[in-house]
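# Inside the fold
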Amino acid sequence: MGAKPPLISFNSLLILLASLLPLLRCAAQSDAAPLSGGRPKPAPVKASGISCDFFRGSWIYDEFYPLYDSANCPFIDSEFNCQKYGRPDKLYLKYRWRPSGCELPRFDGGDLLRRWRGKKIMFVGDSISYNQWQSLLCMLHASVPAGSNISAEKKDPLSTISFEDYDVSVAYYRTTYLVDIVTESIGRVLKLNSLSGGSVWLGADVLIFNTWHWWIHMGAASQGWDYIQDGDKILKDMDRLEAFSKGLTTWAKWVDSSIDTSSQNVFFQGISPTHYHGKDWGEPGAKDCSKQTQPLTGSSYPGDSLPQQGVVKNVLSSVTKPVYLLDITLLSQLRKDAHPSLFSGGHPEMDCSHWCVAGLPDTWNQILYAAVNP
Ligand SMILES: *[C@@H]1O[C@H](CO)[C@@H](O)[C@H](O)[C@H]1NC(C)=O
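Criteria and cut-off values
- Residues numbered from 1 in each chain as written.
- Predicted model: local features only at pLDDT ≥ 70, side-chain atom pairs only at ≥ 80, totals over all residues.
- Heavy atoms only, no water.
- Helix = DSSP H or I, 4+ residues; strand = E, 2+ residues; numbered from the N terminus.
- Buried < 20%, exposed > 50% of the residue type's maximum accessible area, 1.4 Å probe, protein only.
- Core = buried A, V, L, I, M, F, W, Y, C linked by side-chain atoms within 4.5 Å.
- Expected span 1.5 Å × (residues − 1).
- Contact = heavy atoms within 4.5 Å.
- Salt bridge = Lys/Arg side-chain N within 4 Å of Asp/Glu carboxyl O.

## Some words on unusual backbone geometry
The omega torsion of the bond from Asp156 to Pro157 falls at 10°, within 30 degrees of zero and hence cis. Following the sequence through the fold, Pro157 ends up in the loop between strand E4 (150-155) and strand E5 (158-163). The amide bond that connects Val357 to the next residue, Ala358, takes the cis arrangement and shows omega of 5°. Of note in this structure, Asp167 is not a glycine but carries a positive phi near 55°. Inspection of the secondary structure assignment puts Asp167 in the loop between E5 and strand E6 (168-174). You will see that Ser341, though not glycine, has its phi angle at about 45°, which is positive. Within the secondary structure, Ser341 is located in the loop between helix H8 (329-333) and helix H9 (360-371). Residue Ser341 is classed as buried on the basis of its relative accessible area, which comes to 6%.

This is the structure we're talking about:
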């Protein structure tokens, strides 16, 4: 976007100013004295603006974490509620993400609700989106006074929680592939070139999309479809990375044709990693994430890079409208300790894919908060 000459208008001046502010903030904070009494209010940042690289950094211990007590959050699904389901350790709750070049603004839920008055935020995607949605609900719930008017509405596939006193709603739309699955005479067909759920999504001011994990589910029962349609070809199966790329491209074209970026901010959540092979993080004896109680130190992950990350970057580079990639992969790869493992009320087997709430998704939301200004 930066390469295009801006239209000379009041709006573009504001956007330009907003995009410069984070640079100033980074510069000011890198040599600032230790702050007492809270950090400066986060400056308004347009999602498309220039910004610090929030996605390079490391995890540091912070005695003031977590941001809320999961026991007091009424929204956490049993599958993410690790403390409730017997996780014995708590150290994993006490890490703060520290970008190398700047400080993440401290999360201020009251500020978010006031700035987002009248807005609808919507997470669209699979259970990893559901995971991040629940974390944001807990972060906001912890910031509002007791007795605030919070209402809930569920009309599958859409669940909406509204903070009525602030006129802010935070919704989750469940879709595993973003593109359609249609039941036809031959069975359920995953349509790589068709996306019809989008009309509901257009009602939101801030949209955070995600899809990946289902693209590698194998077998009709697990994957949720019997055939895959690519153009006019109906196939029994195909290379899954290629299918992912085609489906995501359909979504990218939808963004370009349907989103009004003067009023809507679009994010893509990025690839959330799993931890099922200790050799990926330099511990060949570990067969999964169980008994992991601390993150990896430092800023790099020993495992191979993920080809699906390349697909995401490639497809996003084809979108003309501004889409902000929440590039959470590396910072999440370092958190082998942050999965439910066996301490989940929803998954009887080892879960090293989802994340405990409170926990890692709170950091994804801190970055979302820093990056958005609807
Ligand atoms: C909560 O908000 C809704 C919608 O604005 C309103 O209808 C309802 O009366 C409110 N409830 C309370 C207890 O204030």
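## Details of the nonpolar core
The biggest cluster of nonpolar side chains holds 63 residues, and the ones touching the most others in it are Phe54, Phe123, Phe163, Val170, Phe267 and Leu326. If you tally residues by element for this core, the top one is helix H3 (residues 127-141), at 8 residues. Core analysis: the next-biggest nonpolar cluster, separate from the first, contains 36 residues, Phe209, Val266, Val311 and Val315 among them.

## Describing H3
End to end, H3 covers 21 Å across 15 residues, agreeing with the expected 21 Å (1.5 Å per residue, within 8%). In terms of burial, H3 is largely enclosed, as 14 of its 15 residues are buried.

## Side note on the environment of Cys352
By secondary structure assignment, the location of Cys352 is in the loop between H8 and H9. A residue is classified by how much of its surface remains accessible, and Cys352, at 0% relative accessible area, is buried. Once the C-alpha coordinates of Cys352 and Leu342 are considered, the two residues, 10 residues apart in sequence, prove to be 8.9 Å apart. Excluding its chain neighbours within four sequence positions, the residues that come into contact with Cys352 are Pro273, Thr274, His275, Tyr276, Asp288, Cys289 and His339.

## Some details on the pattern of salt bridges
Enumeration over the complete set of coordinates arrives at 16 salt bridges. A salt bridge links Arg96 to Asp62, with the shortest nitrogen-to-oxygen separation between them at 2.7 Å. Taken together, the residues Arg96 in strand E2 (residues 95-99) and Asp62 in the loop between strand E1 (57-61) and E2 connect sequence positions 34 residues apart. According to the relative accessible area criterion, Asp62 is buried, its value standing at 11%. Of the charged contacts, one joins Glu103 and Arg98 as a salt bridge, the two residues approaching to 3.0 Å between their closest N and O atoms. Connected through shared salt-bridge partners, Asp62, Arg96, Arg98 and Glu103 make up one network.

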